[in-house]
Amino acid sequence: MQKTLELFQRISTNLLEQEKGNPTSEYISTEKLYETIDLGLKEDPLSEEEFEAALQDLVFATPKTGTSTFFNQLFGGRNEKAVLGDLLAVLLNNSMYTYKVAGAQVGVEKSVLSEVCKIIGWDENADGTFASGGSMTNLMSMIMARDAVAETVKNTGVQGKMMVYTSADSHYSIPKNASFCGIGRNQVRYIKTNRKGQINVLDLARQVEEDIQQGFTPTLVNLTAGTTVLGAFDDVRAVKNICSKYNIWLHLDGAYCGAVLLSRKYRHLIDGVELVDSFSFNAHKMIGTPLTCSLIVVKNKKHLFDSFSNEANYLYQAEDDHFNLGKTSMQCGRRNDALKFWTLWKSVGTLGLEKIVDKQFELADYARTYIENNENYTLHSYEESISVCFNYKGVSAKKICTALYENSELLVGFGNVKNQKFVRLVTINAQNSKDDILNFFKTMEVFVDHNMVVKKEAQFI
Ligand SMILES: *Cc1c(COP(=O)(O)O)cnc(C)c1O
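All of these numbers come straight from a predicted model, not from anything done at the bench.

(A) Expanded view of the overall build of the protein chain. Counting its secondary structure elements, the protein chain contains 16 helices and 12 strands. The dimensions of the protein chain, computed from C-alpha atoms along their principal axes, are 70 × 60 × 45 Å. Within the protein chain, the proportion of its 461 residues that are buried is 51%. In the form shown here, the protein chain has an accessible surface area of approximately 22,500 Å², with 51% of it arising from carbon and sulfur atoms. One finds the centroid of the 49 positive side-chain charges in the protein chain at a distance of 5 Å from the centroid of its 55 negative side-chain charges.

As structure tokens, this is what we get:
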């Protein structure tokens, strides 16, 4: 093992060194992939040297997500204390289902979850769990909502006409989950959003009333803290009134930006979070831990047990059920995703996490100001969002993003809302500086101006 750890050390040192000069990996087309890197598997073993060379090539050829040119999706950067936690979790290789197998690591997970509940303002009735991502934690919320309105559903399957509500800008896992839960994709109402991308509360109330008259049982309202494209925050408090009136489960999907919970300056964006039935966020997005690190907390832990515990005598042979985390999780064997969040939190404190969150808004403000002061740009997103959406000189956003990728300049994505397509710069990497943001714009401008804008003079030739 020691020799293998030394190999790891060599490869990672080389990667960090190489990234400094080459923050974006060379683009490899899918047609060229297998001829560019030796990926085939053979009957005979490789020599140590060949093995190391093959690994090193693979690592260098992989897209770099931790550098200052990666703005593509909703994660980025490399938080060393969190990386350390994840490396240790791999080395320890516990499965989180029982105290017998995970021991102190159960305490780590419970500690993170209880601190999150405490910050929300919930009492010891609250609890939570980790799952393999935001789509999964959203699924867990839908299952709990379904079981809460009809206790027998677990055994009988869905009999009545259930209905789920979410905004038109919400994550695509909601209809998928409705199909998984037996509620059905057709029983999802997409409520219109306003200019900023927030759910229209009046439309939601009207739709709920209409559905009740049609014989449906409103089962879940899914709100979003940081919509995937515009980064908008739905109004929790206003929607809670509707949910209380009709006894509907309220979930807040904070996969993208729910971690504003940890910031005194930005927590107001999820004002009323203490009123929801369940709340989830991905620490692998705003907090910057490695993938995946996604948690869900519920105000009343009874629902976690009701929906996810199954008696299994071969598994649960010792200890208090509150330390047998398998009783409240989706999976059986489960990675230790909590440790990387805990190592980071332990080392920087809650105040350090707050700084990570605040920095992203600061970078977004900087990017928006840059765009607003430059007439070549059109801005499509709003203040208090870390998604900065824009068009540049009227050039197709898709073409810009694809060309920057294929020329190994920058990794950035485009989004689409209300029939407008735009570049979406996400300032989710708190390790970036304002100079890195400026560098993004300058790199893009130089590239687009040289390669994509039809030059005025050219028209006269
Ligand atoms: C990213 C995201 C998800 C899905 O999370 P995964 O961990 O990628 O499954 C769900 N909801 C929102 C709003 C997201 O941004």
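After that view, the rundown keeps rolling.
(B) Seen up close, the packing of aromatic side chains. Going through the model one piece at a time under the given rule, you end up with 16 aromatic pairs. On the basis of an interplanar angle of 75 degrees and a centroid distance of 6.4 Å, the ring pair of F390 and F440 is categorised as edge-to-face. One end of the pair, F390, is in strand β10 (residues 387-392); the other, F440, is in helix α16 (residues 434-451), and 50 residues separate them in sequence. For the pair F390 and F441, a centre-to-centre distance of 5.9 Å together with 55 degrees between the ring planes defines the contact as tilted. Note that F390 is positioned in strand β10 and F441 in helix α16, a separation of 51 residues in sequence. This pair shows no difference in class: F390 is buried, exactly as F441 is. Of the aromatic side chains, those joined through ring pairs into one cluster are F71, Y370, Y377, F390, Y392, F440 and F441. Above the face of the F323 ring, K110 is positioned so that its terminal group lies 4.9 Å from the ring centre. Just above the ring of F216 sits the side chain of R189; from NZ or CZ to the centre is 5.8 Å.

(C) Focus on the domain arrangement of the protein chain. By domain assignment, the protein chain separates into domain 1 (2-64) and domain 2 (84-343). When each unit is reduced to the centre of its C-alpha atoms, the spacing between domain 1 and domain 2 is 37 Å.

(D) Fine view of the nonpolar core. Of all hydrophobic cores here, the largest spans 89 residues; its most connected members are F279, F341 and F441. If one sorts the elements of this core by residue count, helix α14 (residues 338-372) sits on top with 14 residues. With residues near it in sequence (within four places) discarded, F341 still touches V112, F281, A283, I287, T289, C293, L295 and L353. Counting 22 residues, the second-largest nonpolar core is a separate cluster that includes M162, A178, I183 and I296.

(E) View of the sheet that holds β10. With mixed pairing, five strands are arranged side by side in an open sheet as β1-β11-β12-β10-β9. Each end of this open sheet is capped by a strand with a single partner; those strands are β1 (70-71) and β9 (377-379). The pairing of strand β11 (residues 411-417) with strand β12 (residues 420-426) spans five bridges and is antiparallel. Among the inter-strand pairings, G415 is bridged to a residue of β12, identified as F422. Sheet strands in contact with helix α15 (residues 397-406) are β10, β11 and β12, and its direction is about 165 degrees off that of β11. Here α16 sits on the sheet in contact with β1, β9, β10, β11 and β12, set at roughly 25 degrees to β10.

(F) Expanded view of the packing of helix α1 (residues 2-21) against helix α3 (residues 48-61). Interaxial distance between α1 and α3 falls to 10 Å at its minimum, and their mutual angle equals 35 degrees. For the crossing formed where α1 meets α3, the hand is right-handed. Residues K3, L7, R10, I11, N14, L15 and Q18 of α1 touch α3, and the partners they reach there are E48, F51, E52, L55, Q56, V59 and F60. Among the residues making up the contact of α1 with α3, the classes are represented as seven nonpolar, three polar and four charged.

(G) Spatial organisation of the site of the ligand. In the vicinity of the ligand lie 15 residues, with G134, S135, D253, N282 and K285 positioned nearest. Note that a nitrogen atom of the ligand is positioned 2.7 Å from one of the side-chain N or O atoms of D253. Within the side chain of K285, an N or O atom sits 2.9 Å from an oxygen atom of the ligand. Coverage of the ligand by the protein amounts to 85% of the 380 Å² it exposes when considered alone.

(H) Molecular detail of the sheet that holds strand β3 (residues 162-167). Read from one edge of the open sheet, seven strands run β2-β8-β7-β6-β5-β3-β4, paired in mixed fashion. Of all the strands in the sheet, the pair left with one neighbour each is β2 (127-131) and β4 (188-191). Each strand of the sheet is rotated relative to its neighbour by a mean of 20 degrees, with strand direction disregarded. Sheet topology places β2 next to strand β8 (residues 294-298); five bridges connect them, and they run antiparallel. Paired with F130 across the bridge in β8 is L295.

(I) Local environment of the pattern of salt bridges. Using the criterion set out here, one finds 22 salt bridges in the structure. Of the charged contacts in the structure, one is a salt bridge between E115 and K118, with a shortest N-O distance of 3.6 Å. One end of the pair is E115 and the other is K118, both in helix α6 (residues 104-120) and three residues apart, which spans about a single turn. On the accessibility criterion, E115 (25% relative accessible area) is partly exposed. Using a relative accessible area of 57% as the deciding quantity, one classes K118 as exposed. Linking D203 and R206 is a salt bridge whose minimum nitrogen-to-oxygen distance equals 2.5 Å. Separated by three residues within a single helix, D203 and R206 lie in helix α10 (residues 201-213), roughly one turn from each other.

About the thresholds
Residues numbered from 1 in each chain as written. Predicted model: local features only at pLDDT ≥ 70, side-chain atom pairs only at ≥ 80, totals over all residues. Heavy atoms only, no water. Helix = DSSP H or I, 4+ residues; strand = E, 2+ residues; numbered from the N terminus. Buried < 20%, exposed > 50% of the residue type's maximum accessible area, 1.4 Å probe, protein only. Areas by Shrake-Rupley, 256 points an atom, 1.4 Å probe, with all protein chains shown as cover. Lys, Arg positive; Asp, Glu negative; His and termini not counted. Charge placed at Lys NZ, Arg CZ, Asp CG, Glu CD. Phe/Tyr/Trp six-rings, centres within 6.5 Å; stacked < 30°, edge-to-face > 60°. Lys NZ or Arg CZ within 6 Å of the ring centre and 35° of its normal. Domains from an automatic or database assignment. Core = buried A, V, L, I, M, F, W, Y, C linked by side-chain atoms within 4.5 Å. Contact = heavy atoms within 4.5 Å. Pairing = 2+ DSSP bridges. Axes fitted to C-alpha atoms, helices over the stretch in contact; angles between N-to-C directions. Left-handed = near helix turned anticlockwise from the far one by under 90°. Nonpolar A, V, L, I, M, F, W, Y, C, P; charged D, E, K, R; others polar. Near = heavy atom within 4 Å. Polar contact = N/O pair within 3.5 Å; in protein donor to acceptor, adjacent residues only side chain to side chain. Salt bridge = Lys/Arg side-chain N within 4 Å of Asp/Glu carboxyl O.

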